[in-house]
Amino acid sequence: MGAVPSGADDLLRIAVAHSPTIYYVARFEGARETRFISENVEAITGFSPARFTESAGFGIGLIHGDDRARYSRVIDRLAETPHATIEYRLSNSDGGYQWFRDDLKLVEADDGGGETLFVGCMQDITRERLAEAHLDDALAMVSALVSSALDAVITVDDAGVIREFNPAAEAMFGYARDEAVGQDMAALLIPESYRAKHEAGMQRFRRTGEATVANRRIVAEAMRRDGSVFPCELTIADTMIDDRTIFIGEIRDISDRIAAQEERDRMLEVLQSTVDSIPAGICITDPDDRITLCNTAFAALYNCGTQEMMGLTRDDTMRRLLPRVETIDGRPADASPDGLKALVTKVRGAPEKPVELRLKDGTSWLIWGTRREDGTIINVRTDITPIKQAEDAARETAGLIRCIVESSPVPLGMTRARSSEVIYESPASAELFGRNGSGIAFYAIDNFVNRADRDRYLDLLQGAGRVDDFEVEMKRSDGSRFWASLSSQIVQFQGEPVIVSSSFDLTERKRIDNELSKQRDALYQSEKLAALGEMLASVAHELNNPLSIVVGQALLLRELAADPSIADRAEKIGKAADRCARIVKTFLAMAREGPKRNDVIDLRNVIMMAVEATQYALKVSDVDLTLDIEDDLPAVLGDADQLAQVFTNLLFNAEQVLRNISTARKVLIRVRSGPEGLLVSVRDNGPGMSQDVKRRIFEPLFTTKDVGAGTGIGLALCHRIVDAHGGRITVKSTPGGGATFRVRLPALQGKASAVADNPAARVPRKLARRALVIDDEPDVGEIIGTFLRGEGFRVDVVKSGIEALNRIARTDYDAIISDLRMPLLDGPRLFDHLSERFPKMIKRLGFVTGDTISDSAQKFLRRAGCPHIEKPVTKEDLRRIIAELV
């Protein structure tokens, strides 16, 4: 809800205080205490506004006892129908009662607390009700007289013979139906003095077919059985039945009507005198929209008397008035026929919504109405010129203030000190805080990122009465943050403390400072990561070849040993070498940068890779690691190395946090599957984290560790990796109760054990398959060759790319496994030679390397698109790459 300037509020309060309408706001629930009531209530009822707002139930207690329950029921129904109108009596200070029409509407409280209120607009209709009461008395008397009359219906054919005679006719004329049917109607019912005229009319009809009295209402005389004559009102309609004209006559004895009309005229004179005494213009129209009654105040606007107004339609009166109308409900009047029709429709709808007219002579009028069940409408027209003049003056003052304030480029605002509700802000302020003026309430406290800053700001403001250049982090309506400088002062406005403030956006200055700091930090971290990557690449390459030999020889020794004890020792050597290999691969994955692979992976294996990499650190720090992994997990599509990096980072972070506690140190990894995929939670029993840390934990370069102990990159990288896998990583912390990181990943259909590739099953079996192994380390080449021979291949092992080209020129190989880094002719150049000389062999080429971290290796592998595996090589790795090549 857009706020208004203080001057406009004062003028609005003055305008309401002099309005004939009482406005109030009350709670919808409970005792329905009055929260606000306009000051004019004292002038109208004699009771001060404080009596209503300070005494719960005071206003309801003034309602007449016969109307109180109905009032409460209407309020209760607001929960279903948010708008209602009710009329009731309210006691005034003189001990009497006044009639009010109350328009009620349900609203939501602006304080954000979810409280429901209802707003009432009370219009004093005491004089209207008095006029209606007099009118109801008159209409009741007329209705009683009319309802006592009985209409007779008689059907006559074109020969004048009675064909039907209803019970009302029997009672009216004294003949039974059987006596009347078949008789000549003229001889039976028409007085002798009228028969000749009736017979002449019947003969003219037979001659010309024209019935002069048909479809007309005429007054005539009729004759009863006893010969008595009485006045009647006769309506004749004609119709054709069986090619004969049938006349249907409706006869109403109006003997009593004449006396009733005289009485009605007398009562109307009394009613007219009563209505004329009311200063507001009053008009009553019948269901045909014709004026049946109006007072002098109403007719005066048309410069005529009340009798001249009788019988005029609303079209007639509005056609006279429209040329004098300047605005209708604040919009320019349209003098066209369509405009006239629209105005008539509005006035006819006045019972639902009042119509405000401003005439060209400067006067203003408000038209209200009440629609009765019989279709009549009672309109009350009130002169609101003084109110509108006050409103115009208020708008003029408000416009001047608004022009001054809103032209200022400095964001200005006014907020309530107690609730922080924004009651006004300049366009510059609305733009700064991203508010669109949608009509909802805004609260300044919501613009502070940290509530503690708001409290400190208020403490300074309340202590000194003003604050200058208070720097604080703020946020806009869309949640975006920025730094601002606040200068504020507390003033008293309408009896409450209000904060008048100006804001200055420090975003650009902070951005420049932060950018310089980030650039320094980023450069430092980039240098550290580059050095780490180079070191890991060198170490990996030096370790992978001997590890490949150890892994391969241990596996061969275990398979070929006849002595079980030797096989057992070989298995232990192999497991230790496998562990070393996994650790090396894990660190390589952590240092590697590159696009995400989309492999079908078993998340259990990924987590075990992370546990393997952190096992020593957890053991040294005396951390008890518990795994609670659900069986038969669904498979996940992604990059196993990158995901392993996520969980490795989380475990290392937990281990470092737990160093600071003296009690038992515990970490729990729990994996569960559900409708939303796989959920992995890593929970520690450390000290937890504050809300501020939790809010920034995934920001790049943000760290809570000591200088030199952390980079602030790990969790930001985890967030990026999880997001790239279509997942979500969150953290939940209870200070003093540990932290839980939750990683949710989308899952594939089916279990990981069923969906993941089975390399051994995929390798096709056929006779005379040939493979070429290229590696400058003979032992590594022989190990790979031995594995392939076990898979049914005839294998040639060479030590260089040059020798490999000579072999390929003479032999058609089903698979070629080449090292990436070799002297003389390395893997990339071998690929280029094959592309030129033997392009069909490219699809049969795969690479084995101990260096996938270097930039040159990654670029080549992406360019070549050939499958590759990392050293040290296992049987599973070879089976997978062979399955892709063969």
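The text that follows walks through the structure, step by step, so that each part is easy to find. Keep in mind it's a predicted model, so treat the numbers as computed, not measured. (Residues numbered from 1 in each chain as written. Predicted model: local features only at pLDDT ≥ 70, side-chain atom pairs only at ≥ 80, totals over all residues. Heavy atoms only, no water.)

### Digging into the overall build of the chain
Helix and strand counts for the chain stand at 31 helices and 34 strands. Sequence separation of at least 24 residues holds for 55% of the intrachain contacts in the chain that already meet a minimum separation of 6. (Helix = DSSP H or I, 4+ residues; strand = E, 2+ residues; numbered from the N terminus. Contact = heavy atoms within 4.5 Å.)

### Topic: the packing of aromatic side chains
Counted under the stated rule, the structure contains 13 aromatic pairs. Judged by centre distance (5.6 Å) and plane angle (55°), the rings of Phe173 and Phe230 are tilted. With a gap of 57 residues between them, Phe173 in helix α7 (residues 167-173) and Phe230 in strand β9 (residues 229-241) connect regions that are remote in the sequence. In terms of burial, Phe173 and Phe230 fall into one category: buried. Ring centres of Phe847 and Phe860 lie 5.3 Å apart, and the angle between their planes is 80°; this geometry places the pair in the edge-to-face category. (Phe/Tyr/Trp six-rings, centres within 6.5 Å; stacked < 30°, edge-to-face > 60°. Buried < 20%, exposed > 50% of the residue type's maximum accessible area, 1.4 Å probe, protein only.)

### Points about helix α21 (residues 603-620)
For α21, which comprises 18 residues, the first-to-last C-alpha distance of 26 Å matches the rise-based estimate of 26 Å (1.5 Å per residue) to within 8%. Roughly 55° is the biggest bend found in α21, and it falls at Thr614. Turning to α21, its buried residues are Leu603, Val606, Ile607, Met609, Ala610, Val611, Glu612, Ala613, Thr614 and Leu618. Taking the backbone nitrogen of Arg604 as reference, a side-chain oxygen 3.0 Å away marks Asp602 as the first, capping residue of α21. (Expected span 1.5 Å × (residues − 1). Bend = angle between axes of the 7 residues up to and from the residue. Polar contact = N/O pair within 3.5 Å; in protein donor to acceptor, adjacent residues only side chain to side chain.)

### Quick look at the sheet that holds strand β5 (residues 116-124)
The strand order across the open sheet formed by five strands is β2-β1-β5-β4-β3, and the pairing between neighbours is antiparallel. Pairing within the sheet leaves two strands with one partner each, and these edge strands are β2 (34-37) and β3 (83-91). For this sheet the average axis-to-axis angle between neighbouring strands, irrespective of direction, equals 25°. Its contacts with the sheet place helix α5 (residues 65-76) against β1 (21-27), β3, β4 (97-108) and β5, and it is angled at close to 155° to β3. (Pairing = 2+ DSSP bridges. Axes fitted to C-alpha atoms, helices over the stretch in contact; angles between N-to-C directions.)

### Here's the deal with the sheet that holds strand β8 (residues 216-223)
A sheet is described by the order of its strands in space; here five strands give the open sequence β7-β6-β10-β9-β8, paired in antiparallel fashion. In the strand order of this sheet, the two ends are held by β7 (162-165) and β8, each with one partner. Between one strand axis and the next, the sheet turns by 30° as a mean value, whatever way the strands run. Both strand β6 (residues 151-157) and β7 contribute to a ladder of three bridges, which runs antiparallel. Within the sheet, the bridge partner assigned to Ile154 lies in β7 and is Phe165.

### Some thoughts on the packing of helix α29 (residues 827-837) against helix α30 (residues 855-864)
At their nearest, the axes of α29 and α30 sit 11 Å apart, and the two run at 25° to each other. By the criterion of interaxial angle, the relationship of α29 to α30 is roughly parallel. Relative to α30, the crossing made by α29 is left-handed. Contact residues: α29 offers Gly827, Pro828, Phe831 and Asp832, while α30 offers Phe860, Arg863 and Ala864. Here the contact of α29 with α30 is built from residues that sort into four nonpolar, one polar and two charged. (Parallel < 35°, antiparallel > 145°, perpendicular 65-115°, else oblique. Left-handed = near helix turned anticlockwise from the far one by under 90°. Nonpolar A, V, L, I, M, F, W, Y, C, P; charged D, E, K, R; others polar.)

### Some remarks on the side chain of Asp775
Residue placement: Asp775 occurs in the loop between β30 (769-774) and α27 (778-790). Reaching out from Asp775, the side chain makes a polar contact with the backbone nitrogen of Glu777 at a distance of 2.8 Å. Ignoring anything within four residues of it in the chain, the contact list for Asp775 reads Val780, Gly781, Val798, Lys799, Asp819, Met822 and Lys871.

### Topic: the pairing of β2
Strand direction decides the pairing type here: β1 and β2, joined by three bridges, are antiparallel. Bridge assignment links Val25 to a residue of β2, and that residue is Phe36. Hairpin connection, β1 to β2: the antiparallel pair is bridged by six residues, and Gly30 has positive phi, about 65°.

### Some words on the nonpolar core
As a rule of thumb, nonpolar side chains are buried together in soluble globular proteins. Among the nonpolar cores identified, the biggest contains 42 residues, and Leu603, Ile607 and Phe647 are the most heavily contacted of them. Contributions of two or more residues to this core are made by α21, β24 (623-629), α22 (640-658), β26 (665-674), β27 (677-684), α24 (714-724), β28 (728-733) and β29 (739-745). Per-element accounting of this core gives the leading share, nine residues, to α22. Those residues within four positions of Ile607 in sequence are excluded, and the remaining contacts are Ile629, Phe647, Ile669, Val671 and Val680. (Core = buried A, V, L, I, M, F, W, Y, C linked by side-chain atoms within 4.5 Å.)

### A closer look at the pattern of salt bridges
The tally for this structure, following the rule as stated, stands at 41 salt bridges. Linking Arg456 and Asp453 is a salt bridge whose minimum nitrogen-to-oxygen distance equals 3.4 Å. Highlighted residues: Arg456 and Asp453, both in helix α18 (residues 451-464), separated by three residues, approximately one helical turn. Beyond isolated ion pairs, a larger network of salt bridges with shared partners links Arg27, Glu33, Arg35 and Glu115. (Salt bridge = Lys/Arg side-chain N within 4 Å of Asp/Glu carboxyl O.)

### Some points on the environment of Arg320
Assignment of secondary structure puts Arg320 in helix α14 (residues 314-321). Separated by 18 residues in the primary sequence, Arg320 and Tyr302 have C-alpha atoms spaced 7.5 Å apart. In this view, Arg320 contacts Tyr302, Cys304, Met309 and Leu312; residues no more than four positions away in its chain are not counted.

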